[in-house]
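Per-entry structural report
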Amino acid sequence: MAAQELKVPAVGESITEVQIGDWLVPEGKSANQDEPLVAIETDKVTVELTAPVAGTVTKVLKKKGDSARVGEVIGYLEAGAKSAQPAAKPAQKNSDAAPSPTAAPSLAAAPVSAAAKGSDTRVMPAAARALAQAGLAASDVQATGPGGRLLKEDVQRTLETRNSAPAARTNAAPAASSGGAREEEVVPMTPLRRRIAERLVEAQNTAALLTTFNEIDMTNVMALRKQHQDAFVARHGVKLGFMSFFVKAAIDALKLVPQVNAELRDGAIVFKNYYDVGVAVGGGKGLVVPILRNAERLSFAEIEKTIAELATRAQSGKLTLEELQGGTFTISNGGIYGSLLSTPIVNPPQSGILGLHAIQDRPVALEGQVVIRPMMYVALTYDHRLVDGREAVTFLKRIKDCLENPARMLVEV
């Protein structure tokens with residue numbers, strides 16, 4: 001049977017070119033049917049090209065980092081070749097005997113495909129890159145991801161374990177002096193990173209961006225979470241976080257100030273009576289903003305569950321294009337990284353973005369007394385072409401009122 005062509009699949013209506021990621025099954029290696037062969041990277045998501053039949057990758061035409069058009073042949077798979085499942089070696093007798101020091105296995109042993117580790121095991125693209133960078137095979141790492149998936153964290157854990165006791169095996173020579181050669185590494189930008197750069201420049205060049213700030217006393221929200229956390233987890237199976245409060249508060253404020261939920265289109269202002277809220281999360285290759293569709297219809301538990309699911313799939317590069325397109329407003333939480341204050345950049349064609357920051361105990365004046373309260377700075381960056389300063393301040397003030405009096409979000413006052 002002739003070798004089958006491996007073609008770049010269609011990954012979105014507007015995407016005509018992609019970048020080749022890691023070959024999860026390199027040239028000369030076998031794969032089972034439906035096993036991922038290569039990661040295909042776009043400016044938004046990463047997809048996997050799977051083997052149409054069991055066989056061997058006989059030729060790789062496009063290597064990692066190369067660009068390719070949708071429908072272009074990037075390699076060949078010879079069907080009916082040897083199975084990716086290696087033959088089991090006979091059990092060694094006297095298995096309790098200590099191995100000889102000279103018979104230690106080499107770390108450069110030939111890697112095995114994901115299928116060889118178990119029928120349900122899949123090597124995630126980020127894990128494949130980490131394996132290649134560390135010179136490890138998939139068989140060297142214990143997979144702990146959902147469904148037996150091999151994650152980037154699994155590779156990092158293996159490296160940490162191996163690096164934790166280097167001196168016990170050998171007497172290493174002293175490190176070279178600081179006068180040695182200084183190295184540089186040139187790494188091409190991923191499509192996602194290039195797209196982020198383009199969008200940020202676009203926002204700065206086309207919109208009249210301005211940022212206004214306020215601060216929120218988080219005492220009541222924190223007390224409410226503590227009071228109901230155990231019951232919330234028991235009923236819904238997910239923790240009650242701060243993000244659901246901010247999503248609810250943002251929707252309340254967007255209803256009060258609809259300009260922040262609008263966009264400029266062909267010289268007209270388009271007001272939207274729905275609220276598709278983007279929540280910025282750190283993905284495996286950079287910041288991505290999956291969308292909570294019709295967030296005004298979601299309960300606190302539904303918001304928390306959806307965000308947790310989206311964040312997990314963002315880390316493994318499994319978000320779809322539909323989940324990243326079409327938001328009307330964005331919330332970005334830099335506080336989880338320790339940011340105290342920042343000016344977030346609007347994601348066009350949206351007109352506003354809410355930036356959340358770290359909660360810190362600070363002295364504040366309350367009823368004539370100086371008290372210590374958990375405070376958070378919040379920032380609203382907005383397009384001044386649509387939103388006036390008064391409206392921006394009103395928006396943030398509403399956010400502050402909702403968070404400092406969270407019960408008002410339940411009774412809609």
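The following paragraphs examine the structure supplied in this document. Small disclaimer: the values here were computed from a predicted structure and weren't measured.

Looking now at the sheet that holds strand β3 (residues 30-31). Read across the sheet, four strands follow the order β1-β8-β6-β3 without closing on themselves; strand pairing throughout is antiparallel. Every interior strand has two partners, whereas the edge strands, β1 (4-7) and β3, have only one. Note that β3 and strand β6 (residues 55-60) share two bridges and pair antiparallel. In the strand pairing of β6, Ser30 is matched with Thr56.

Read from one edge to the other, the open sheet built from four strands follows the order β5-β4-β2-β7, with strand pairing classed as antiparallel. Each end of this open sheet is capped by a strand with a single partner; those strands are β5 (46-50) and β7 (67-69). In this sheet, adjacent strand axes meet at a mean angle of 40° when their direction is disregarded. Bridging between strand β2 (residues 17-23) and β7 involves three bridges; their strand directions are antiparallel. Among the inter-strand pairings, Val18 is bridged to a residue of β7, identified as Ala68.

Turning next to the pattern of salt bridges. Oppositely charged side chains are able to pair whenever their charged atoms sit close together. Applying the stated criterion to the full structure yields 17 salt bridges. Glu263 serves as the salt-bridge partner of Lys272, at 2.5 Å between the closest nitrogen and oxygen. With a relative accessible area of 14%, Lys272 lands in the buried category. Exposure remark for Glu263: the relative accessible area of 9% places this residue in the buried category. Among the salt bridges present, the one from Glu323 reaches Arg313, with a minimum N-O distance of 2.4 Å. Placement of the pair is Glu323 in the loop between α6 (300-315) and β16 (329-333) and Arg313 in helix α6, with a sequence separation of ten residues. If you follow the salt bridges from partner to partner, you end up with Lys62, Arg69 and Glu72 in one network.

What the rule picks out here adds up to two aromatic pairs. Measuring from ring centre to ring centre gives 5.1 Å for Phe245 and Phe300, while their planes differ by 65°; the resulting arrangement is edge-to-face. Residue Phe245 is located in helix α5 (residues 243-256), and its partner Phe300 is located in helix α6; the two are separated by 55 residues in the primary sequence. Here Phe245 matches Phe300 in class, with each residue buried. Pairing Phe329 with Phe395 gives two aromatic rings, centres 5.6 Å apart and planes at 55°, and the pair type is tilted. Placement of Phe329 in strand β16 and of Phe395 in helix α7 (residues 389-404) is noted, with a sequence separation of 66 residues between them. Overall, Phe329 belongs to the buried group, its relative accessible area being 0%.

Time to look at the packing of α5 against α6. Packing of α5 against α6 leaves a shortest axis separation of 9 Å and a crossing angle of 115°. The handedness of the crossing between α5 and α6 is right-handed. Of α6, the residues touching α5 (which contributes Met243, Ser244, Phe245, Val247 and Lys248) are Phe300, Ile303, Glu304 and Ile307. Residues belonging to the contact of α5 with α6 are distributed by class as follows: six nonpolar, one polar and two charged.

Within the secondary structure, Thr158 is located in helix α2 (residues 152-163). A polar atom in the side chain of Thr158 sits 3.1 Å from the backbone oxygen of Asp154. Once residues within four sequence positions are removed from consideration, Thr158 is found in contact with Leu136, Asp140 and Val141.

For β2, a buried count of six out of seven residues is recorded, marking the element as mostly surrounded by other parts of the structure. Sheet topology note: the β2/strand β4 (residues 36-41) ladder contains three bridges and is antiparallel. By the bridge assignment, Gln19 is partnered in β4 with Glu41.

Cut-offs used in this document
Residues numbered from 1 in each chain as written. Predicted model: local features only at pLDDT ≥ 70, side-chain atom pairs only at ≥ 80, totals over all residues. Heavy atoms only, no water. Pairing = 2+ DSSP bridges. Helix = DSSP H or I, 4+ residues; strand = E, 2+ residues; numbered from the N terminus. Axes fitted to C-alpha atoms, helices over the stretch in contact; angles between N-to-C directions. Salt bridge = Lys/Arg side-chain N within 4 Å of Asp/Glu carboxyl O. Buried < 20%, exposed > 50% of the residue type's maximum accessible area, 1.4 Å probe, protein only. Phe/Tyr/Trp six-rings, centres within 6.5 Å; stacked < 30°, edge-to-face > 60°. Left-handed = near helix turned anticlockwise from the far one by under 90°. Contact = heavy atoms within 4.5 Å. Nonpolar A, V, L, I, M, F, W, Y, C, P; charged D, E, K, R; others polar. Polar contact = N/O pair within 3.5 Å; in protein donor to acceptor, adjacent residues only side chain to side chain.

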